[in-house]
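Notes for the structure review
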Amino acid sequence: MSKKRLIAGNWKMNGNLEANDALVRAVVAGMKDARCDVAVCVPAPYLAQVQMLRHGSALDLGAQDVSQQAGGAYTGEVSAAMLREFGVRYAIVGHSERRQYHGETDALVAEKARTALAHGITPIVCIGETLAEREAGRTEEVVKRQMAAVIHLNGHCISEVVVAYEPVWAIGTGKTATPEQAQQVHALLRTQLAAATAHAERVNILYGGSMNAANAASLLAQPDIDGGLIGGASLKAPDFLQIIAAASA
Ligand SMILES: O=C[C@H](O)COP(=O)(O)O
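Keep in mind that this is a model prediction, so the values were computed, not measured.

What counts as what
Residues numbered from 1 in each chain as written. Predicted model: local features only at pLDDT ≥ 70, side-chain atom pairs only at ≥ 80, totals over all residues. Heavy atoms only, no water. Helix = DSSP H or I, 4+ residues; strand = E, 2+ residues; numbered from the N terminus. Rg over C-alpha atoms; globule rule 2.2 N^0.38 Å. Buried < 20%, exposed > 50% of the residue type's maximum accessible area, 1.4 Å probe, protein only. Areas by Shrake-Rupley, 256 points an atom, 1.4 Å probe, with all protein chains shown as cover. Lys, Arg positive; Asp, Glu negative; His and termini not counted. Charge placed at Lys NZ, Arg CZ, Asp CG, Glu CD. Near = heavy atom within 4 Å. Polar contact = N/O pair within 3.5 Å; in protein donor to acceptor, adjacent residues only side chain to side chain. Nonpolar A, V, L, I, M, F, W, Y, C, P; charged D, E, K, R; others polar. Core = buried A, V, L, I, M, F, W, Y, C linked by side-chain atoms within 4.5 Å. Contact = heavy atoms within 4.5 Å. Axes fitted to C-alpha atoms, helices over the stretch in contact; angles between N-to-C directions. Parallel < 35°, antiparallel > 145°, perpendicular 65-115°, else oblique. Left-handed = near helix turned anticlockwise from the far one by under 90°. 1 Å grid on protein atoms, 1.4 Å probe; cavity = no way out; pocket = protein on both sides within 12 Å on 5 of 7 lines; lining within 4 Å. Points joined across faces, edges and corners; volume = space filled by probe spheres on them. UniProt positions renumbered as here; feature names shortened; annotations may be inferred. Salt bridge = Lys/Arg side-chain N within 4 Å of Asp/Glu carboxyl O.

1. What about the overall build of the chain?
- Along the chain, the regular secondary structure elements total ten helices and eight strands.
- Whereas a compact globule of 249 residues would reach a radius of gyration of roughly 18 Å, the chain reaches 17 Å, a difference of no more than 12%.
- With the C-alpha coordinates of the chain rotated into their principal frame, the extents come out at 45 × 45 × 35 Å.
- Classification of the 249 residues of the chain by burial places 53% in the buried group.
- For the chain, the accessible area works out to roughly 11100 Å², and carbon and sulfur atoms hold 53% of it.
- Both charge centroids of the chain, one from 22 positive and one from 24 negative side chains, sit 3 Å from each other.

What follows is the structure in structure tokens.
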């Protein structure tokens, strides 16, 4: 049986009660015929709201981060157990914005991924090179290093993880990687996974970085692009639904 593609929205630090209500209702109503998995990764204060709005639908709930700690005196952190109480299925870990603005290292990202898995949450592990790294011809080295950090997960198989390739230069810039550029990196990540697990084909490798209604189909046509991690376009129901439709084709 072939795996299902995954389209995950990452709202980032956007939304308010009123806008979320309209957005989630429209997505739930519009995704009834989806043949892919669909999730929205929302800011933590809105988990309860979105959990209620999605009730009874196929829309999955995701968080944008998770603490590597199980609990205790860690001011400001949100634990995996707390996320589970709100029905969270996915947690983004290692997004480039957290690596860049919060100093998250490969080792920390791996710890977060392990903690998520230990609590039954699927980590969406983000990896990707900066523009300077790409221009210096270091893309392969950087993404392989980031992937190597999470490939051994203490009792969990890397095939339980979702990987998101997000070239940093394409995030929020309107500059998308071409389908060929993205496929090239996805293929090398698949090869790296295959060296670690017999289940490399089962891993969903998402593309993220200015994916939108217009370019989704050509990106998703690539053999190793198994879905998308969508920022800006996930905040507009018609755009997000068009991407879901492209992944369902
Ligand atoms: O997590 C999502 C990515 O950062 C992509 O964001 P974007 O679609 O706004 O470029």
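Here the narrative resumes.
2. Observations concerning the site of the ligand
- Inspection of the region around the ligand gives Asn-10, Lys-12, His-95, Glu-166, Ala-170, Ile-171, Gly-172, Gly-209, Ser-210, Leu-229, Gly-231 and Gly-232 as its neighbouring residues.
- Between the ligand and Asn-10, the relevant distance is 2.9 Å, taken from an oxygen atom to a side-chain nitrogen or oxygen of the residue.
- Note that an oxygen atom of the ligand is positioned 2.9 Å from one of the backbone N or O atoms of Gly-232.
- When the ligand is considered free in solution it has 310 Å² of accessible area, and contact with the protein chains removes 94% of it.
- Of the residues belonging to the shell around the ligand, the class tally is three nonpolar, seven polar and two charged.

3. Re the nonpolar core
- Core analysis: the largest hydrophobic core is formed by 67 residues, its most contacted members being Ile-7, Leu-189 and Tyr-207.
- Considering each element in turn, this core owes the most residues, seven residues, to helix α10 (residues 237–248).
- Leu-189 has contacts with Ile-127, Val-143, Met-147, Val-163, Tyr-165 and Ile-205, leaving out every residue within four places of it along the chain.

4. Notes on the packing of helix α1 (residues 17–30) against helix α2 (residues 47–54)
- Two numbers describe how α1 lies on α2: the axes approach to 10 Å, and their chain directions differ by 30°. As far as their axial angle goes, α2 and α1 are roughly parallel. Like other packed secondary-structure pairs, α1 and α2 cross with a definite hand, here right-handed. In contact with Leu-17, Asn-20, Asp-21, Val-24, Arg-25 and Val-28 of α1, α2 contributes Gln-49, Val-50, Leu-53 and Arg-54.
- Partitioned by chemical class, the residues of the contact of α1 with α2 number five nonpolar, two polar and three charged.

5. Here we look at the layout of surface pockets
- Taken as a whole, the largest pocket encloses approximately 550 Å³ of empty space.
- If you go around the largest pocket, you meet 23 residues; those closest to its centre are Pro-43, Gln-64, Asp-65, Arg-98 and His-102.
- Tallied by class, residues from the lining of the largest pocket come to twelve nonpolar, six polar and five charged.
- In this model, the second largest pocket occupies a volume close to 230 Å³.
- Along the wall of the second largest pocket there are 14 residues; nearest its centre are Arg-89, Thr-122, Ser-159, Val-162 and Asn-204.
- Tallied by class, the residues present in the lining of the second largest pocket amount to five nonpolar, three polar and six charged.

6. Focus: the environment of Ala-113
- Relative to the helices and strands, Ala-113 is located in helix α5 (residues 106–118).
- Aside from chain neighbours lying at most four places away, what touches Ala-113 is Val-93, Pro-123, Val-125 and Leu-153.

7. Considerations on the UniProt feature "binding site: substrate" (unreviewed entry) in the chain
- The feature "binding site: substrate" (unreviewed entry), as given by UniProt, occupies Asn-10, Trp-11, Lys-12, Gly-172, Ser-210, Gly-231 and Gly-232 in the numbering adopted here. A compact arrangement is adopted by the annotated residues: their sequence extent is 223 residues, whereas the largest C-alpha distance between any two is 13.7 Å. Among the annotated residues just listed, those lining the largest pocket are Asn-10 and Lys-12.
- Residue Gly-172 is classed as exposed on the basis of its relative accessible area of 75%.
- For Ser-210, the position within the fold is in the loop between β7 (205–207) and α9 (216–220).
- Sequence-distant contacts of Ser-210, defined by excluding residues within four places in its chain, comprise Ala-170, Gly-172, Thr-173, Gly-174, Lys-175, Thr-176 and Asn-215.

8. Some thoughts on the pattern of salt bridges
- This structure, assessed with the given rule, holds 16 salt bridges.
- A salt bridge links Lys-144 to Glu-140, with the shortest nitrogen-to-oxygen separation between them at 3.0 Å. A residue pair is termed a helical-turn pair when its members lie 3 or 4 positions apart in one helix, as Lys-144 and Glu-140 do in helix α7 (residues 139–150) at four residues.
- The class for Lys-144 is partly exposed, based on a relative accessible area of 32%.
- According to the relative accessible area criterion, Glu-140 is partly exposed, its value standing at 42%.

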